[in-house]
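Observations on the three-dimensional arrangement
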Amino acid sequence: MAFVGWLLFTGTAAIAQQQVNPEPISLSAQQAVDYALANQSSVKTAKLDELIQLAKNKEVAGLALPSVTGTGSYQYNPIVQKQLFNTRNFGSPIDSFVAVSFQLKNNLLGELRVTQTLFDPSVLVALQARKTLEILVAQNVTKAEIDVKSTVYKAYYNVLSANKALAILSENIASLEKILGETKEIYKNGMAEKLDVDRLVVQYTNLQTEQTKLRNLVELGTASLKYQMGMPLKQPITLTDTLSTEKIVADVLDMDKFDYSQRIEYQLLQTQKKANEYDLKRYKMKGWPSLQLFGATGSLRGSDKFDYFQSQAWYGYINTGLNLSIPIFTGLQRKRQVDQAWLAVKKSEVAIENTKLGIDLEREQSSSTFRNNVLTLEAQEKNMQLAQDVYHTTQVKYREGVGSSLEMTTAENDLLTAQNNYFTALFNAIVAKIDLLKSYGKL
């Protein structure tokens, strides 16, 4: 009942999640991850697999409990089978054969049988392996959650970076629009050339085009974030976190302290190896005998005519005993199964060693990539600040009449390039930090 109730609850929750709130939902990066862990399909699937395994474990536990079966049978013999007996075996002086029937035309039987397994190697190993299989599916849930965290964090900061770029670009457009308006007034008064106005108009148009493209990029990134979260695409959201160089370089973990067991992939392989070892043990123990206790009680009646609804005599019985089964020769199948299970264990060991090498490589790559991206980010941030200073100085010179529109255009283009490089470096650095945390099992 608890299992069915959980399914009903999750089904109701899934329906509720599809309802769109007209008001924007404010989300920090952690809140976005929490929402995804509760609603993303891959996590839900992994949790359902965990429940399936728990149900299977209960099924295995039932193998150690007594089984009770009730049976009933009715047999009708239109022609009763007869057997020949030699009367000489019963004292007759000569051989004489008599046909005798030990059956009746109508036979009815009812039986209740109880069976209890006292010892069965396959049941014993299955009971021992239950906890390992539970750990395995729980680790699969953890792996799904880590993958979702990585994806959602990257999608979140991608939108955040694009929004920051859009905000700064909008400021550039507002500043250029003001200069363009002033230049048009100067041109009307004959103090500037039409070429100056045209250059600024082209520059202004290009910025508006970039702004439109960036808005489309933000919309696409936001849709991707909602999809990764398992959120309806029509649900409006607002991202509340900020993104800066200081935040990225802060709280960098201690890279000297690491253990392979911190990585879920390593844990999964270790647990899978243990499960394979149980499989090997199961096949080895298939050569052991199995013992069952049984007891049965029933009642039967035979008659030459179908008169069971009348009050007639029924004959009851009770029997009990032990069943001992000893495998002697199975065509070498068990030997081949043991060989395959042993090879599966060895394969798990190879996979573990290879995964350790892969983890070492990931750690080295992610550490190097993060350091390089932080250096690039710090350099691009300085370049952007310098380009902004140059642009503002050029604006002042232009307003005072000692600078040209060509200088303005050049400074604007240099600023846009520096800003684009900065935002690219900003996103690359946060992605590198996420990959670094994941490679050390800290995500």
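Remember, predicted model here, so these are calculated numbers, not experimental data.

About the thresholds
- For every chain, the first residue of the written sequence is number 1, and numbering continues from 1 along that sequence.
- Selection of residues for local features in this predicted model requires a pLDDT of at least 70, selection of side-chain atom pairs for listing and counting requires 80 or more, and totals for whole chains, interfaces and linings are taken over all residues.
- Processing note: side-chain calculations cover all non-hydrogen atoms of the structure and skip hydrogens and water entirely.
- Going along the chain from the N terminus, every DSSP run of H or I of four or more residues is numbered as a helix, and every run of E of two or more is numbered as a strand.
- We compute the radius of gyration over the C-alpha atoms and compare it with the globule rule, which gives 2.2 Å times the number of residues raised to the power 0.38.
- Burial classification: accessible surface area is computed with a 1.4 Å probe over protein chains only, and a residue below 20% of its type maximum counts as buried, one above 50% as exposed, and the rest as partly exposed.
- Throughout, a residue-residue contact means that at least one pair of heavy atoms, one from each residue, lies within 4.5 Å.
- Residue-level accessible areas treat just the shown protein chains as cover; the underlying method is Shrake-Rupley with a 1.4 Å probe.
- By the counting scheme adopted, Arg and Lys are positive, Glu and Asp are negative, and His together with the chain ends is not counted.
- Each charge is placed at NZ for Lys, CZ for Arg, CG for Asp and CD for Glu.
- Side-chain atoms within 4.5 Å link the members of a nonpolar core, which is a set of buried Ala, Val, Leu, Ile, Met, Phe, Trp, Tyr and Cys residues.
- As a per-residue measure, pLDDT reflects the predictor's confidence and takes values from 0 up to 100.
- Between N-to-C directions, angles cover 0 to 180 degrees, with each direction set by a line fitted to C-alpha atoms, over the stretch in contact for helices.
- Note on terminology: angles under 35 degrees are roughly parallel, angles over 145 are roughly antiparallel, angles of 65 to 115 are roughly perpendicular, and the others are oblique.
- Crossing handedness follows the turn of the near helix against the far one: under a right angle anticlockwise gives a left-handed crossing, and clockwise gives a right-handed one.
- Polarity classes work like this: nonpolar for Ala, Val, Leu, Ile, Met, Phe, Trp, Tyr, Cys and Pro, charged for Asp, Glu, Lys and Arg, and polar for all others, with Gly in that last group.
- Here a patch means residues that are over 30% exposed by relative accessible area and free of salt bridges, tied together within 9 Å if like-charged and within 5 Å if nonpolar (Val, Leu, Ile, Met, Phe, Trp, Tyr).
- In the sections that follow, a salt bridge refers to a side-chain nitrogen of Lys or Arg positioned within 4 Å of a carboxyl oxygen of Asp or Glu.
- Here the bounds of each domain stem from an automatic or database domain assignment.
- Two parts placed together each lose some accessible area; with a 1.4 Å probe, that loss summed over both constitutes the buried area.
- Definition of a polar contact: a pair of N or O atoms within 3.5 Å, with one able to donate and the other able to accept a hydrogen when the atoms are protein atoms, and with sequence-neighbouring residues admitted only if both atoms are side-chain atoms.
- Strands pair, by our definition, only if DSSP identifies at least two bridges between them.
- Centres within 6.5 Å are what make two rings of Phe, Tyr or Trp a pair, Trp counting through its six-membered ring; a difference in plane orientation under 30 degrees is then read as stacked, over 60 as edge-to-face, and the rest as tilted.

All right, on to the overall build of the protein chain then. A count of helices and strands for the protein chain gives nine helices and eight strands. Against the 2.2 N^0.38 benchmark of 22 Å for 443 residues, the protein chain shows a C-alpha radius of gyration of 40 Å, more extended than a compact globule. Each principal axis of the C-alpha atoms in the protein chain carries an extent, and together these give about 155 × 50 × 30 Å. Each of the 443 residues in the protein chain was classed as buried or not, and the buried ones make up 33%. Taking the intrachain contacts of the protein chain between residues at least 6 apart in sequence as the baseline, contacts between residues at least 24 apart amount to 82%. For the protein chain, the exposed area adds up to about 26500 Å²; of that, 57% sits on carbon and sulfur atoms. Distance between charge centres in the protein chain, computed from 48 positive and 45 negative side chains, equals 12 Å.

In this section: the nonpolar core. Counting 72 residues, the largest nonpolar core has Val-152, Tyr-156, Tyr-157, Leu-225, Met-229 and Ile-248 as the members making the most contacts within it. Looking at this core, the elements that each hand over two or more residues are α2 (29-39), α3 (41-61), α4 (121-188), α5 (194-229), β6 (237-239), α7 (264-285), α8 (333-399) and α9 (405-439). For this core, the element with the highest residue contribution is α4, accounting for 21 residues. Each residue touching Tyr-157, except ones within four places of it in the same chain, is listed here: Ala-29, Asp-241, Leu-243, Lys-247, Phe-427, Ile-430 and Ile-434. Counting residues in hydrophobic clusters, the runner-up holds five residues, among them Leu-280, Val-338, Ala-341 and Val-345.

Our focus in this paragraph is the confidence of the model for the protein chain. The predicted model of the protein chain has a mean per-residue pLDDT of 86, with 94% of residues at 70 or higher. Per-element mean pLDDT across the protein chain ranges from 40 in helix α1 (residues 2-17) up to 94 in α2. In this model residues 1-17 is a low-confidence stretch, pLDDT under 50, and it forms 10 contacts with partners more than four residues away in sequence or in other chains.

It is worth spelling out the packing of α4 against α8 at this point. Between α4 and α8, the least distance of the axes is 11 Å, while the angle of their chain directions is 15 degrees. On the basis of their axis angle, the class for α4 and α8 is roughly parallel. Helix-helix and strand crossings are classified by hand; for α4 and α8 the assignment is left-handed. Along its contact with α4, which presents Ser-175, Leu-176, Lys-178, Ile-179, Glu-182 and Thr-183, the element α8 presents Tyr-391, Gln-395, Tyr-398 and Arg-399. A per-class count over the contact of α4 with α8 returns four nonpolar, three polar and three charged.

Where nonpolar side chains cluster on the molecular surface, the patch consists of Leu-324, Ile-326, Ile-328, Phe-329 and Leu-332 and spans about 620 Å² of accessible area. Structurally, Ile-328 can be placed in the loop between β8 (315-325) and α8. According to the relative accessible area criterion, Ile-328 is exposed, its value standing at 80%.

Turning our eyes to something else, we now look at the domain arrangement of the protein chain. Assigned domains within the protein chain: domain 1 (25-64 + 120-289 + 331-440) and domain 2 (69-118 + 294-325). Placing a centre on the C-alpha atoms of domain 1 and another on those of domain 2 gives a separation of 76 Å. Contact residues are listed per partner, giving four residues for domain 1 and five residues for domain 2. Surface buried jointly by domain 1 and domain 2 totals about 290 Å² across both partners, of which 49% is contributed by carbon and sulfur atoms. The largest contributions to the domain 1 side of the interface with domain 2 come from Ala-64, Asp-120 and Pro-289, which together make up 81% of the buried area. Taken together, the connections running from domain 1 to domain 2 amount to zero salt bridges. Along the contact surface separating domain 1 from domain 2 lie one residue pair in polar contact (both at pLDDT 80 or more).

A few words now on the side chain of Gln-40. With respect to the element layout, Gln-40 can be found in the loop between α2 and α3. Setting aside its immediate chain neighbours within four residues, Gln-40 contacts Val-148, Tyr-227, Gln-228 and Met-229.

Looking now at the environment of Lys-257. Here Lys-257 lies in the loop between α6 (245-249) and α7. Spatially, the C-alpha atoms of Lys-257 and Val-374 are 22 Å apart, while their sequence positions differ by 117 residues.

The subject of this paragraph is the sheet that holds strand β7 (residues 290-303). Taken in spatial order, the four strands make up an open sheet running β2-β5-β7-β8, and their pairing is antiparallel. Edge positions in the open sheet fall to β2 (67-76) and β8, since each of these has one partner strand only. Neighbour-to-neighbour, the strand axes of the sheet open up by a mean angle of 20 degrees, direction not taken into account. Pairing geometry for β2 and strand β5 (residues 106-119), over 10 bridges, is antiparallel. Counted as the bridge partner of Gly-72 is Gly-110 from β5.

So, about the pattern of salt bridges. If you walk through the whole model with that rule in mind, you get 17 salt bridges. For the salt bridge of Asp-147 with Lys-143, the shortest nitrogen-to-oxygen distance reads 3.1 Å. Of this pair, Asp-147 and Lys-143 are both found in helix α4, four residues apart, which corresponds to roughly one turn of the helix. Here Asp-147 falls in the partly exposed class, since its relative accessible area comes to 28%. Arg-263 is the partner of Glu-265 in a salt bridge, and the nearest nitrogen-oxygen pair spans 3.0 Å. You can call Arg-263 buried: its relative accessible area is 4%. Through salt bridges with shared partners, one network takes in Lys-143, Asp-147 and Lys-438.

This next bit is on the environment of Val-249. Examined against the element boundaries, Val-249 turns out to sit in helix α6. Residue Val-249 is classed as partly exposed on the basis of its relative accessible area of 34%. Distance in space between the C-alpha atoms of Val-249 and Ala-144 is 27 Å, their sequence separation being 105 residues.

Moving on: the packing of aromatic side chains. In this structure the tally under the stated criterion is seven aromatic pairs. Aromatic pair Tyr-156 and Tyr-157: ring centres 5.6 Å apart, planes at 85 degrees, arrangement edge-to-face. Side by side, Tyr-156 and Tyr-157 carry an identical accessibility label, which is buried. A ring pair is formed by Tyr-422 and Phe-423, whose centres lie 5.2 Å apart and whose planes are at 65 degrees; its orientation type is edge-to-face. Each of the two residues, Tyr-422 as well as Phe-423, counts as buried. Among the aromatic side chains, those forming a connected cluster through ring pairs are Phe-258, Tyr-260, Tyr-266 and Tyr-440.

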